[in-house]
Each structure stands twice: as structure tokens, then as C-alpha cells.
Amino acid sequence: MSLKEDILAQLLMNVNTYTSGQELAKKFNKSRAAVWKAVKSLSREGYDIDAVTNRGYRLSENNNLISSQSIASKLGRDDVAVLYYPSLDSTNNACKRLIADGKDGIFLVAADEQTAGRGRQGKRFYSPPMTGVYFSIVIHPKTTLQNAVTATTAASVAVCKAIEKLTDKKPEIKWVNDVYFNGAKICGILTEAVTNFETGIVDSVIVGIGINIKTIDFPEYADNAGNLGEGVSRSALIAETARQFLTIAGGDYKSFMDYYRRHSFVIGREIDFIQNGRVKHATAVEIDETGGLVVRLESGEYTVLRSSEISVRRK
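Residues numbered from 1 in each chain as written. Predicted model: local features only at pLDDT ≥ 70, side-chain atom pairs only at ≥ 80, totals over all residues. Heavy atoms only, no water.

Colleague: So what exactly am I meant to see when it comes to the sheet that holds strand β14 (residues 310–312) here?
Modeller: Adjacent strands of a sheet pair through backbone hydrogen bonds, lying either parallel or antiparallel. Ordered by their spatial adjacency, five strands build an open sheet running β13-β12-β11-β10-β14, and the pairing between neighbours is antiparallel. Looking along the sheet, the strands with just one partner apiece sit at the ends: β13 (302–305) and β14. Averaged over all pairs of adjacent strands, the angle between strand axes in this sheet comes to 40°, irrespective of strand direction. (Pairing = 2+ DSSP bridges. Helix = DSSP H or I, 4+ residues; strand = E, 2+ residues; numbered from the N terminus. Axes fitted to C-alpha atoms, helices over the stretch in contact; angles between N-to-C directions.)

Colleague: I keep staring at the pairing of strand β8 (residues 184–195) and nothing clicks. Help me out?
Modeller: Each regular strand shows side chains that alternate between the opposite faces of the sheet. As paired strands, strand β7 (residues 178–181) and β8 are joined by three bridges and run antiparallel to one another. Note on β8: the bridge partner recorded for tyrosine 180 is lysine 185. A loop of two residues connects β7 with β8, the two strands running antiparallel in sequence, and asparagine 182 in this loop sits at a positive phi of about 55°.

Colleague: Is there a simple way to explain helix α2 (residues 21–28) in this structure?
Modeller: In an α-helix there are 3.6 residues to a turn, and that puts residues three or four apart on one side. Turning to α2, its buried residues number three or more, namely Gly21, Leu24, Ala25 and Phe28. Summarising the axial view, the buried residues of α2 lie within an arc of 100°, below the 170-degree limit, and thus occupy one face. Exposed and facing more than 90 degrees away from the buried side of α2 are Gln22, Lys26 and Lys27. Looking at the buried residues of α2, the elements they touch are α1 (3–13), α3 (32–44) and β2 (56–59). Directly after α2, the chain includes asparagine 29, whose backbone phi takes a positive value near 55°. (Buried < 20%, exposed > 50% of the residue type's maximum accessible area, 1.4 Å probe, protein only. Arc of directions from axis to C-beta. Contact = heavy atoms within 4.5 Å.)

Colleague: Help me out: how do you make sense of the layout of surface pockets in this one?
Modeller: A water-sized probe rolled over the atoms picks out the places where empty space is left. Put simply, the largest pocket is a space of about 910 Å³. As for the largest pocket, its lining consists of 33 residues, of which Lys174, Tyr180, Lys185, Asp223 and Asn224 are closest to the centre. Partitioned by chemical class, the residues of the lining of the largest pocket number twelve nonpolar, seven polar and 14 charged. (1 Å grid on protein atoms, 1.4 Å probe; cavity = no way out; pocket = protein on both sides within 12 Å on 5 of 7 lines; lining within 4 Å. Points joined across faces, edges and corners; volume = space filled by probe spheres on them. Nonpolar A, V, L, I, M, F, W, Y, C, P; charged D, E, K, R; others polar.)

Colleague: What should I look at first to understand the pattern of salt bridges in this one?
Modeller: Two side chains carrying opposite charge are able to pair once their charged atoms lie near each other. Under the definition given, this model contains twelve salt bridges. For arginine 77, the salt bridge is made with aspartate 79, and the minimal N-O distance between the two is 2.6 Å. Assessed through its relative accessible area of 29%, arginine 77 is described here as partly exposed. A relative accessible area of 40% places aspartate 79 in the partly exposed class. Notably, a salt bridge pairs aspartate 258 with arginine 261, separated by 3.3 Å at the nearest N-O pair. A residue pair is termed a helical-turn pair when its members lie 3 or 4 positions apart in one helix, as aspartate 258 and arginine 261 do in helix α8 (residues 253–262) at three residues. (Salt bridge = Lys/Arg side-chain N within 4 Å of Asp/Glu carboxyl O.)

Colleague: When you look at the packing of aromatic side chains in this model, what are you seeing that I'm missing?
Modeller: Any aromatic ring pair is given by two values, namely how distant the centres are and how the planes are angled relative to each other. Counted by the stated rule, this structure contains two aromatic pairs. Ring plane angle 65° and centroid distance 6.0 Å describe the contact between tyrosine 126 and phenylalanine 218, whose orientation is recorded as edge-to-face. Here the residue tyrosine 126 occupies a position in the loop between β4 (106–114) and β5 (132–139), and phenylalanine 218 occupies one in the loop between β9 (202–212) and α7 (234–249), the gap between them amounting to 92 residues. For phenylalanine 218, a relative accessible area of 23% gives the class partly exposed. (Phe/Tyr/Trp six-rings, centres within 6.5 Å; stacked < 30°, edge-to-face > 60°.)

Colleague: Explain the nonpolar core to me, please; I cannot follow it from the model alone.
Modeller: The nonpolar side chains of a soluble globular protein tend to be buried with one another. Grouped together as the largest cluster of nonpolar side chains are 61 residues, with contacts concentrated most on Leu108, Ile209, Phe245, Ile271 and Leu293. In terms of residue count, helix α6 (residues 148–166) provides more of this core than any other element does, nine residues in total. What isoleucine 271 contacts, discounting residues up to four positions off in sequence, is Lys280, His281, Ala282, Ala284, Leu293, Val295, Leu305, Ile310, Ser311, Val312 and Arg313. Counting residues in hydrophobic clusters, the runner-up holds 17 residues, among them Leu3, Leu12, Leu24 and Leu59. (Core = buried A, V, L, I, M, F, W, Y, C linked by side-chain atoms within 4.5 Å.)

Colleague: Just checking my understanding: could you explain the sheet that holds β7 for this structure?
Modeller: Ordered in space as β3-β4-β5-β9-β8-β7-β6, the seven strands form an open sheet in which the pairing is mixed. With partners counted over all chains shown, the strands left at the sheet margins are β3 (80–88) and β6 (172–174), one partner each. Each strand axis lies, on average, 20° off the axis of its neighbour in the sheet, ignoring direction. The pairing of β6 with β7 spans three bridges and is antiparallel. Each bridged residue has a counterpart across the sheet, and for isoleucine 173 the counterpart in β7 is valine 179. Running over the sheet, helix α5 (residues 91–100) touches β3, β4, β5, β8 and β9 and is turned about 140° from β4. Of the strands in this sheet, β3, β4, β5 and β9 touch α7, which is tilted by about 30° from β5.

Note that every value here comes from positions in space, so none of it alone points to a role or purpose.
The following block contains the structure:
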């Protein structure tokens, strides 16, 4: 890492205390002038650093910028590589490029903005800078998360658990993967598999997550979008969501499905869905053990939806 990155990592480790320029110079075997220049460079990038004579430097509590170091320090897992980019076309696309270049293991890619954020079924996901979090987690399916549906439901549970831990908000889940708050969509999730062409086996699963924290003025294509409206640390929200997701991916499938069902706001509601090019009406009855939505058709017959887009009919 560069001196600037080393200093940022050190300040993140000691966020509530001052670290003197002399300490930093000694630790990284640099001059105090070099330390001062690096701190100034961080300040120009937007990091709010308190500098007090005879005390040193400290990150201000007002910081809400994200970085690899800030996410990693809050995640606290040495087995997860964290990468940050100021801007990307999409974090899922970036993960695919990294995998194609040979990157392996569990890793997380975050960006301040996406210029071509994507949702399910080819929909766009509005991803302006600084007002939300946009990140993707790459895992390898040697766990209970063997398909896109279970990975997606696990991600929606992870988002809800992270929000509940960091705020007093109570989000809900619209099957299959949208997180809602106050009747509006605040989070979208896109799960994609990377398959080994020689073996036909899924090598990696990419789970992309976008959460609107303070995003407003949505474009027309962002239907029924809203925001969390909470002054939560963006790095903390990314890290806590990733921690919750990786915990679920590591086991206890039943527990996360029970949580998913309790937080669903579609059970018992009348819904519409498209099947074979036709809009069908039904009532959502329950969520089965693999995350499928059991619905009762107007004919009285039951069927299980696995990946359909549904809309909840207004009361």
C-alpha cells in the first residue's frame, strides 16, 4: 500500500483517538513531512481529518466516505478481500472481470457510484454517488446456497438484519429479493452465476446489492423507489450486510428462511405475475423451503413461483 493508504488504515483502526505525526512517521519509516503531505492528500479526497497541534491526527466522526480500508476494518474478516473503486459500470461486471483475470477466494467490490447499475430482468438500477451503497460479494457454492434463489433470499435477509442492527428501522421483503421500507423499494439485489465451461459446474456466485440511503429525485424508470432516510455509516452498512450474508452462507439454512418468511409482506396479499406472456392473478400463500412462492390461482389451483416478477395489488 502507499503511505496515504497506510495512514488511512491506521486512522481507521484508531478512529476515536489521535495519532501523532511522529508515531506515523516512525511506524511507516517515513519523514514527518511525508506524513503531513499524505494527510493533506487524504483531506483533498474528502476525508474529514482533525489535526491538532501536539496531539496529531484523527478521522472525524462526520466521515461517510467509503474505502477498502474502512470496509475491511469494520468487516473484520481476513478471509475476505475488499476492493473499492470511485466509479464502476456495475460492481457485478467488475467481479466478472476480476474472476476472468484469475481472482479467486471470497471478495467484495464496492463503488461510490455505478454508471450502468443493473437489476433483475435487465432493469436499470439508479446508482448516484454518495447517497447509497453499491457492492457485490463473490462466494463459491460449496455451501447451502447452491442456486440463485437461495443466494438471493439470503442476501435480502442479510440486508434487513444489517439495517435492523445499525438503525431502528424495520424493513420488509417483497418476494423474491427486493427490500422495502415504508412501502417503497430501498434495495435491489442481482445474483449471477459464473460457470466453468469445461465442467458445467458453477464456480462462483456474484451477489450484487444496492441500497438507497439518502437517494432522492429518482428517474422515471426507478418505479416505487424510496430511501432508508437514516444517517448510517455507508462503510458500516456494507460491512454488516456482508458479514450477515457470509454467516448465512456458512450454514443454518432453516434459521434464515424462518427470518425471511417473518419479514415477507406479500404473504396473504393478492398479486399479479406474468406466465407464458399472460398476466395472472393469485394470492400469495407461503414461501417454501427453497424460497419459492406458493400461490393460489383464481381457479383454486396452487403453483410455485421460482423467479417470476410479481406486483402486489393495492388494497
